[in-house]
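The chain contents come next:
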Amino acid sequence: MFNWKGFICGVVTSATFGLIPLFTLPLLSGGMNVPSILFYRFLIATLLMGAFMAVTGRSFKVSRKEFLVLAGLSLLYIGSAVFLFWSYHYLASGIATTMMFLYPVFVALIMITVFKERNSVWTMLAILLAVCGVALLSWNGKGGGVSWTGILLAVLSGFSYGIYIISVNKSCVKDMSSTKLTFYVFIFTALFLLAGTGLLGKLQGVATPKDWMNLLLLAVIPTVVSNITLVAAIKAIGSTFASVLGAMEPVTAMTVGVLVFGEPFTHTTALGVVMIIFAVMLVILSPALEKGYRTGKFLYITKVKGIHPNIVPYH
């Protein structure tokens, strides 16, 4: 039977991630740069997670080895973001975002080829449909030059996050509680961003109470809340299916753009939405489809199993 709790949590995760533009665009229009926004986002999220751990009496203790691994995981996470932003110098942002979304494909393929997980034709078809739908939503009929350097950087962004997801499960922190792991990844991310923006001289102050409110909402809704539901989704349905459900994020972002910022809704956009919804339906129905698909060489196809629940947001 399909795990509806995991599915709902996965949709909530991608929907809340998709609200990032709602809080980020006003900050950008107010003159704050991206590194500063990211730093304050993860600083506030770290403080909130730390306060939660302290109030609930959770342990902050980590070993030296775990400390180093958590720092390394944070670098993988930051690397994914850096590659993506760097690719924007060479590609239209929609194309770059589409390339970054290949990370579910990397996760599935690495688990199948390296760790010998069994494949599912329905999962791979859902991934293909999701990527195509995101491509339609991202490009949306707009032009943009194609650069092999930009494509490489965008693919590296998705690959870095895919490696990050798998590394969590294959390292000494795989049994660490999701709350503790998330707290330390957040704090390392904030510290690395602080060091980077400080060295480059790009760290900005927060100008107005409205900016603080947007930063707080950015830290709470598409960071802390998204992470909590993402943990629940991966525990219930596995990392591959949770990654595919992440395709709902651009649907949310597109809806915010149309309703709040007056962006156009085209036939291409509509087709992208339909493809993504169909991909999600495949995820829901895949267990029944796999069990019933018993012809030819596909005598019985099992789904790609989950990796680890302790994954932090990929934005």
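Note that the structure is a prediction, hence the values are computed from the model and not measured.

Participant: So what's going on with the overall build of the protein chain? Which residues, and what values?
Facilitator: If you tally the helices and strands in the protein chain, you get 13 helices and zero strands. Along the protein chain, from the amino end to the carboxyl end, the secondary structure elements read α-α-α-α-α-α-α-α-α-α-α-α-α. By residue count, 50% of the 315 residues in the protein chain fall in the buried class. Long-range pairs, those at least 24 residues apart, make up 88% of the contacts in the protein chain between residues at least 6 apart in sequence.

Participant: Explain the packing of aromatic side chains to me, using residue names and the numbers behind them.
Facilitator: Throughout the structure, instances matching the rule amount to eleven aromatic pairs. Ring geometry for Tyr40 and Trp212: centres 5.9 Å apart, planes at 70 degrees, overall edge-to-face. With a gap of 172 residues between them, Tyr40 in helix H3 (residues 34–55) and Trp212 in helix H10 (residues 209–237) connect regions that are remote in the sequence. Taken together, the aromatic side chains of Phe42, Tyr77, Tyr161, Tyr164 and Phe186 make up a single cluster linked through ring pairs.

Participant: Go over the nonpolar core with me, naming the residues and quoting the values.
Facilitator: Core analysis: the biggest nonpolar cluster contains 62 residues, and Phe42, Leu70, Tyr164, Leu181 and Leu215 have the highest contact counts within it. Ranked by residue count, the leading element in this core is H3, at nine residues. Contacts of Leu215, omitting those with residues within four sequence positions, involve Leu27, Met32, Ile37, Tyr40, Ile44 and Val206.

Participant: Any chance you could break down the side chain of Ser80 for me, citing the residues and the numbers?
Facilitator: Looking at the secondary structure, you find Ser80 in helix H4 (residues 64–87). Judged by its relative accessible area of 3%, Ser80 falls in the buried class. Leave out the neighbours within four places in its chain, and Ser80 touches Met100, Ser157, Ser160 and Tyr161.

Participant: Can you tell me about helix H1 (residues 4–17), naming the residues and giving the values?
Facilitator: Under the 1.5 Å per step criterion, the end-to-end length of H1 is 20 Å for 14 residues, consistent within 8% with the ideal 20 Å. Every buried residue belonging to H1 is among Gly6, Phe7, Cys9, Gly10, Thr13, Ser14, Thr16 and Phe17, and all of these are buried.

Participant: Describe the environment of Asp211, listing the residues and the values that go with them.
Facilitator: Relative to the assigned elements, Asp211 resides in helix H10. With a relative accessible area of 13%, Asp211 lands in the buried category. Ignoring sequence-local partners within four residues, the contact set of Asp211 consists of Leu27 and Val206.

Participant: Go over the environment of Met100, please, and point to the residues and values.
Facilitator: Here Met100 shows up in helix H5 (residues 93–100). Here the alpha-carbon distance between Met100 and Ala154, two residues 54 residues apart in the chain, equals 5.4 Å.

Participant: Can you lay out the packing of H3 against helix H9 (residues 178–200) for me, pointing to particular residues and giving the numbers?
Facilitator: Helix-helix packing: each pair is described by the crossing angle between the helix axes and the interaxial distance. Where H3 meets H9, the closest approach of the two axes is 8 Å, and the angle between their N-to-C directions is 150 degrees. When the axes of H3 and H9 are compared, the pair comes out roughly antiparallel. Considering the relative orientation of H3 and H9, their crossing is left-handed. On H9, the residues that touch Pro35, Ser36, Leu38, Phe39, Phe42, Leu43, Ala45, Thr46, Met49, Gly50, Phe52 and Met53 of H3 are Thr179, Lys180, Thr182, Phe183, Phe186, Ile187, Thr189, Ala190, Leu193, Leu194 and Thr197. In terms of residue class, the contact of H3 with H9 is made up of 15 nonpolar, seven polar and one charged.

Participant: Quick rundown of the packing of H4 against helix H8 (residues 148–169)? Include the residues and the values.
Facilitator: The N-to-C vectors of H4 and H8 enclose an angle of 160 degrees; their axes lie 8 Å apart at closest approach. Accordingly, the angle class assigned to the pair H4 and H8 is roughly antiparallel. At the point where H4 passes H8, the crossing takes the left-handed sense. Contacts from Leu73, Leu76, Tyr77, Ser80, Phe83, Leu84, Trp86 and Ser87 of H4 reach H8 at Gly150, Leu153, Ala154, Leu156, Ser157, Ser160, Tyr161, Ile163, Tyr164, Ser167 and Val168.

Participant: Give a description of a nonpolar patch on the surface that names residues and reports values.
Facilitator: On the surface, Leu25, Leu28, Leu259, Val260 and Phe261 cluster together into a nonpolar patch covering about 440 Å² of accessible area. In this structure Leu25 comes out as partly exposed when scored by relative accessible area, which is 34%.

Participant: Which residues make up the confidence of the model for the protein chain, and what values go with them?
Facilitator: When pLDDT is averaged across the protein chain, the result is 77; 79% of the residues are at 70 or more. Mean pLDDT across the elements of the protein chain ranges from a minimum in H5, with 65, to a maximum in H3, with 91. Segment residues 141–145: pLDDT under 50, and six contacts once partners within four positions in sequence are set aside and those in other chains are kept. Segment residues 294–314: pLDDT under 50, and 85 contacts once partners within four positions in sequence are set aside and those in other chains are kept.

Participant: Could you give an account of the side chain of Thr197, naming the residues involved and the relevant values?
Facilitator: Looking at where Thr197 falls in the secondary structure, it is placed in helix H9. Thr197 gets classed as buried once you look at its relative accessible area, which sits at 3%. Engagement of the side chain of Thr197 in a polar contact is seen with the backbone oxygen of Leu193, the distance being 2.7 Å. Polar side-chain contacts of Thr197 include one of 3.2 Å to the backbone oxygen of Leu194. In this view, Thr197 contacts Pro35, Ser36, Lys202 and Leu203; residues no more than four positions away in its chain are not counted.

The rules we used
- Residue positions are given per chain, counting from 1 as you read along its sequence in written order.
- Local features are withheld for residues below a pLDDT of 70 in this predicted model, meaning they are given only at 70 or higher, and side-chain atom pairs are given and counted only at 80 or more; totals for whole chains, interfaces and linings count all residues.
- Side-chain measures here rest on the full set of heavy atoms in the structure, leaving out hydrogens and waters.
- The way it works is that DSSP assigns letters per residue, a run of H or I at least four long becomes a helix, a run of E at least two long becomes a strand, and they are numbered from the N terminus.
- Three labels apply to residues, based on accessible area from a 1.4 Å probe with only protein chains included: buried if under 20% of the type maximum, exposed if over 50%, partly exposed otherwise in between.
- Contacts are assigned to residue pairs with any non-hydrogen atoms lying within 4.5 Å of each other.
- For Phe, Tyr and Trp, where Trp contributes only its six-membered ring, two rings pair if their centres lie within 6.5 Å, and the inter-plane angle classes them as stacked under 30 degrees, edge-to-face over 60, or tilted in between.
- Throughout this description, the term nonpolar core refers to a set of buried Ala, Val, Leu, Ile, Met, Phe, Trp, Tyr and Cys residues connected via side-chain atoms within 4.5 Å.
- Each residue after the first adds 1.5 Å to the expected span of a helix.
- Interaxial angle, 0 to 180 degrees, is taken between N-to-C directions of lines fitted to C-alpha atoms, where a helix line uses only the stretch in contact.
- Every angle not falling under 35 degrees, over 145, or within 65 to 115 is termed oblique; those three ranges are roughly parallel, roughly antiparallel and roughly perpendicular.
- Take the far helix as the reference: if the near one is turned anticlockwise from it by less than a right angle, the crossing is left-handed, and if turned clockwise, right-handed.
- Amino acid classes used here: Ala, Val, Leu, Ile, Met, Phe, Trp, Tyr, Cys and Pro are nonpolar; Asp, Glu, Lys and Arg are charged; the rest, including Gly, are polar.
- Patch membership is restricted to residues that have no salt bridge and whose relative accessible area is over 30%. Joining uses 9 Å for like charges and 5 Å for the nonpolar side chains Val, Leu, Ile, Met, Phe, Trp and Tyr.
- Residue exposure ignores everything except the shown protein chains as possible cover, and the areas themselves are Shrake-Rupley values with a 1.4 Å probe.
- Salt bridges, as used here, are contacts in which a Lys or Arg side-chain nitrogen is within 4 Å of a carboxyl oxygen on Asp or Glu.
- The predictor reports its confidence for every residue as pLDDT, a score running from 0 up to 100.
- In protein, a polar contact means a hydrogen-donor-capable atom and an acceptor-capable atom, both N or O and within 3.5 Å, with residues adjacent in sequence counting only if both atoms are side-chain atoms; elsewhere, any N or O pair within 3.5 Å suffices.

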